[in-house]
Amino acid sequence: MALAEDKVRESLKQVIDPELFVNIVDLGLVYVINISEEKEDGRHDVQVDMTMTSPMCPAGPQLVAGTKAAAEELEEVDSCEVKVVMEPPWSPDRMTDEARDHLGIF
């Protein structure tokens, strides 16, 4: 069965920004999720393009490692490559309403 992007996104919600205490999906840090064709064993490789709230984000390595781990814990995922991109730059406009409420941004 093909792996759905929504399932990967749900798993990535486990990854919490340690400074803002909001998950990376609701923060709008996840830009693209590419899922490879199904392999013979029924598993997929996944590539996640994500950004940081700032280019020098001190939590960057932790967020990248957490993203990789959260994707790879899915039974259907063989491996996950995380690519950090800075274009387009992140802005608070990318956040969900829930994240804005949590951070008090109206």
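Above: the structure in question.
Quantities reported herein were computed from a predicted structural model and do not represent experimental measurements.

Caption draft 1: The overall build of the protein, seen in detail. Scanning the protein from N- to C-terminus turns up three helices and three strands. Along the protein, helices and strands appear, N-terminal first, in the series α-β-β-α-β-α. Each principal axis of the C-alpha atoms in the protein carries an extent, and together these give about 45 × 25 × 20 Å. The 106 residues of the protein split such that 40% are buried.

Caption draft 2: Quick look at the nonpolar core. Judged by nonpolar contacts, the single largest core of 29 residues is most densely connected at Leu-12, Ile-24, Val-46, Val-48 and Leu-63. Counting only elements with at least two residues in this core, the list comes to α1 (5–12), β1 (30–35), β2 (44–50), α2 (60–72) and β3 (77–84). Ignoring anything within four residues of it in the chain, the contact list for Val-46 reads Leu-3, Val-8, Ile-33, Asn-34, Ile-35, Val-77, Ser-79, Cys-80 and Glu-81.

Caption draft 3: Region of interest: α1. Burial in α1 covers these residues: Val-8, Arg-9, Ser-11 and Leu-12. Projection of α1 onto a plane perpendicular to its axis shows the buried side chains occupying an angular sector of 160 degrees, all on one side. What points out from α1, more than 90 degrees from its buried face, is the exposed set Asp-6 and Glu-10.

Caption draft 4: Examining the environment of Glu-37 more closely. In this fold, Glu-37 is placed in the loop between β1 and β2. Sequence separation between Glu-37 and Val-22 is 15 residues, and the spatial gap between their C-alpha atoms is 31 Å.

Caption draft 5: Region of interest: the pattern of salt bridges. Enumeration over the complete set of coordinates arrives at seven salt bridges. Between Arg-9 and Glu-5 there is a salt bridge, with the nearest N and O atoms lying 3.1 Å from each other. Here Arg-9 pairs with Glu-5, and both are found in helix α1, just four residues apart, close to one helical turn. Glu-5 sits in the partly exposed class, given a relative accessible area of 33%. Between Glu-72 and Lys-68 there is a salt bridge; the shortest N-O distance is 2.6 Å. A residue pair is termed a helical-turn pair when its members lie 3 or 4 positions apart in one helix, as Glu-72 and Lys-68 do in helix α2 at four residues.

Caption draft 6: Local environment of the sheet that holds β3. The three strands are arranged β1-β2-β3 in an open sheet whose pairing can be described as mixed. With one partner strand each, in any of the chains shown, β1 and β3 form the two edges of the open sheet. Each neighbouring strand pair of the sheet contributes to a mean axis angle of 20 degrees, computed without reference to strand direction. Across the sheet, α1 lies against β1 and β2, angled at about 130 degrees from β1, the strand it touches most. Strands β2 and β3 of the sheet are contacted by α2, whose axis makes an angle of about 155 degrees with β3.

Conventions adopted
- Residues numbered from 1 in each chain as written.
- Predicted model: local features only at pLDDT ≥ 70, side-chain atom pairs only at ≥ 80, totals over all residues.
- Heavy atoms only, no water.
- Helix = DSSP H or I, 4+ residues; strand = E, 2+ residues; numbered from the N terminus.
- Buried < 20%, exposed > 50% of the residue type's maximum accessible area, 1.4 Å probe, protein only.
- Core = buried A, V, L, I, M, F, W, Y, C linked by side-chain atoms within 4.5 Å.
- Contact = heavy atoms within 4.5 Å.
- Arc of directions from axis to C-beta.
- Salt bridge = Lys/Arg side-chain N within 4 Å of Asp/Glu carboxyl O.
- Pairing = 2+ DSSP bridges.
- Axes fitted to C-alpha atoms, helices over the stretch in contact; angles between N-to-C directions.

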